[in-house]
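Listed here are the chains, written in short residue letters.
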Amino acid sequence: MTPELDFYYTTIYQRCNITYSFLSSREGLIYPCHVIQLIVLPFQVLTFYVILKKTPMTMKSMKWPLLINHFWLVCSCVDLLFCSLVTPYLYIRIFGFICMGLLSYIGMAGSYIYVFESRSNSLQMNRFRVSNTLVRIVYHSSVYILNCSVLLLLFKSPEDQEIAKLDVLKIEPCPTEAFFKYEMFILTTDYELQKITKRYIGPVLIFHVMFHILFHVTCTVYYLFLTPNKVLSPETRRIQKKFFIGTVFQTTIPLAVLAILLVGILLDQLTNSFTQGMVNLAIIGLASHGIGESLAIILVHRSYRRAVWELMTRKKIEKVNFSVKA
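Quick caveat: nothing in here was measured; it's all calculated off a predicted structure.

S.K.: Please give an account of the overall build of the protein that cites residues and values.
M.R.: A count of helices and strands for the protein gives 13 helices and 3 strands. Per-residue burial over the protein gives 43% buried out of 326 residues. Pairs at least 24 apart in sequence give 77% of the contacts found in the protein among residues at least 6 apart. Here the protein displays about 17,500 Å² of accessible surface, and carbon together with sulfur accounts for 68% of that area.

Structure follows, in structure tokens:
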């Protein structure tokens, strides 16, 4: 801590008439996230197994999209980054964070689009399907690159982070003590850029992702439910419909949790009432979505439910046989 920051902390900050709860503290965020990860990990491993080994042949085209989506959401960028490796302690008003994983948004957005594009692309009668592999690679790469544009904020980050801390204290004069005690990173001290990012750049990127998802969902609904391919057997169509509905349910859960944080940021822009405790609670909710996403995959899809039931039943039988022999 620089002498200027130390002076601010020991004099001006001590006059702040604000009492922060445990939930607002860094520990109030980290401890629940670590506990959640310990609970969720077995469900994550089980979900990987059933997708990899128990996806029916009729839905083979969705096997890798589901695996990639589960990897980005659960194991790579959301649960491990949020719960274990670099739990993000955010100061949304000053664009500051402690140990934030920026790739989490990028990976999540791309994986959702890939899941629904693959489901839509597997329908032969879909006039918008892209059969050329190279074109699909270019399409998803373009989406990914556009999502990466959020990283351009890093080029506006101040070189001297200690001076940046002093600058943002003019906007947020009484942050939690973690601001002074831990290494943190300020993306930008440009208030106008912060305002533009929250009001325009952020919503445009979110709309971009939602547009692609809704487009592929609409194509799937139209060609699968409204104008089904009569060449396919009724049983195949039934399985495809159930699998699609299951995919919608499994992706809705993490999206709904993510929406909590986004709504909170918007609410803070309008009312300036989104407290640090609320931010931490939203992050904990986002971190805990893994168990909901994993259970949704297992419970919604019949083939996965059956696979898990067989695993459980086989273990029970083995235990009974062992006890009889003994």
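S.K.: How would you summarise the packing of helix α2 (residues 26-54) against helix α11 (residues 276-287) if you had to cite specific residues and measurements?
M.R.: Here α2 crosses α11 at 10 degrees, and the two axes come no closer than 10 Å. The orientation of α2 relative to α11 falls into the category roughly parallel. Note on element contacts: α11 touches α2 through N280, I283, I284 and A287, opposite G28, L29, P32, C33 and I36. The class makeup of the residues in the contact of α2 with α11 is 7 nonpolar, 2 polar and no charged.

S.K.: An account of the sheet that holds strand β1 (residues 89-91) is requested, with residue identities and associated values reported.
M.R.: Spatially, β1-β2-β3 is the arrangement adopted by the 3 strands of the open sheet, whose pairing is antiparallel. What marks the edges here is a single partner per strand, and that holds for β1 and β3 (185-186). Alignment of strand β2 (residues 96-98) against β3, held across 2 bridges, turns out to be antiparallel. Within β3, the residue paired with G96 across the bridge is I186.

S.K.: Break down the UniProt feature "transmembrane region" (unreviewed entry) in the protein for me, citing the residues and quoting the values.
M.R.: Under the local residue numbering, the UniProt record ascribes the feature "transmembrane region" (unreviewed entry) to residues 29-52, 64-88, 94-116, 137-155, 200-223, 243-267 and 279-300. In the segment residues 29-52, helix accounts for 100% and strand for 0%; the C-alpha atoms at its two ends are 33 Å apart. The span residues 137-155 is 58% helical and 0% strand by assignment, and the distance between its end C-alpha atoms comes to 28 Å.

S.K.: Describe the state of the cysteines, with residues and values.
M.R.: Taken as a whole and judged by the stated rule, the model has 1 disulfide. Paired through a disulfide, C16 and C174 show a sulfur-sulfur distance of 2.0 Å. The sign of the S-S torsion, about -80 degrees, decides the handedness of the disulfide formed by C16 and C174: left-handed. Of the two residues, C16 is situated in the loop between α1 (3-12) and α2 and C174 in the loop between α7 (161-168) and α8 (178-181); the sequence distance between them amounts to 158 residues.

S.K.: Tell me about the confidence of the model for the protein, and name the residues and values.
M.R.: Across the protein, the average pLDDT comes to 77, with 83% of residues at or above 70. This stretch, residues 100-104, has a pLDDT under 50; its non-local contacts, to residues over four places away or in other chains, come to 12 contacts. Contacts for the low-pLDDT stretch residues 316-326, under 50 throughout, to residues beyond four places or in other chains number 0 contacts.

S.K.: If you had to explain helix α6 (residues 133-147) to someone new, which residues and values would you point to?
M.R.: If you check α6, its first and last C-alpha atoms are 21 Å apart, about what 15 residues at 1.5 Å a residue would give, namely 21 Å. Taken as a whole, α6 has its buried residues at H140, V143 and N147. The buried residues of α6 occupy an angular sector of 55 degrees when the element is viewed end-on, so they sit on one face. In α6, the exposed positions angled more than 90 degrees off the buried face are occupied by L134 and I145. The backbone nitrogen of L134 has a side-chain oxygen 2.9 Å away, supplied by the residue at the start of α6, namely N132.

S.K.: So what about the nonpolar core? Which residues, and what values?
M.R.: Counting 34 residues, the largest nonpolar core has Y91, F179 and F180 as its most contacted members. The set of elements that each furnish at least two residues to this core consists of α1, α2, β1, β2, α7, α8 and α11. If you look at the next biggest cluster of nonpolar residues, it comprises 13 residues, including V50, M62, L67 and V115.

S.K.: Residue-level account of α11, with values.
M.R.: The end-to-end C-alpha distance of α11 is 16 Å, a good match for the 16 Å that 12 residues give at a rise of 1.5 Å each. Every buried residue belonging to α11 is among Q276, G277, V279, N280, A282, I283, I284, L286 and A287, and all of these are buried.

S.K.: If you had to explain the packing of aromatic side chains to someone new, which residues and values would you point to?
M.R.: The final tally for this structure, using the stated rule, is 11 aromatic pairs. Ring geometry for F179 versus F180: centroids 5.1 Å apart, planes at 75 degrees, classification edge-to-face. Residues F179 and F180 agree in their burial class; the two are buried. Through pairs of rings, three or more aromatic residues link up here, namely Y8, Y9, Y13, Y89, Y91, F179 and F180. When the ring centre of F128 is taken as origin, the NZ or CZ atom of R127, which lies over that ring, is 5.6 Å away.

Reading guide: rules and limits
- Residues numbered from 1 in each chain as written.
- Predicted model: local features only at pLDDT ≥ 70, side-chain atom pairs only at ≥ 80, totals over all residues.
- Heavy atoms only, no water.
- Helix = DSSP H or I, 4+ residues; strand = E, 2+ residues; numbered from the N terminus.
- Buried < 20%, exposed > 50% of the residue type's maximum accessible area, 1.4 Å probe, protein only.
- Contact = heavy atoms within 4.5 Å.
- Areas by Shrake-Rupley, 256 points an atom, 1.4 Å probe, with all protein chains shown as cover.
- Axes fitted to C-alpha atoms, helices over the stretch in contact; angles between N-to-C directions.
- Parallel < 35°, antiparallel > 145°, perpendicular 65-115°, else oblique.
- Nonpolar A, V, L, I, M, F, W, Y, C, P; charged D, E, K, R; others polar.
- Pairing = 2+ DSSP bridges.
- UniProt positions renumbered as here; feature names shortened; annotations may be inferred.
- Disulfide = S-S within 2.5 Å.
- pLDDT = per-residue confidence, 0-100.
- Expected span 1.5 Å × (residues − 1).
- Arc of directions from axis to C-beta.
- Polar contact = N/O pair within 3.5 Å; in protein donor to acceptor, adjacent residues only side chain to side chain.
- Core = buried A, V, L, I, M, F, W, Y, C linked by side-chain atoms within 4.5 Å.
- Phe/Tyr/Trp six-rings, centres within 6.5 Å; stacked < 30°, edge-to-face > 60°.
- Lys NZ or Arg CZ within 6 Å of the ring centre and 35° of its normal.

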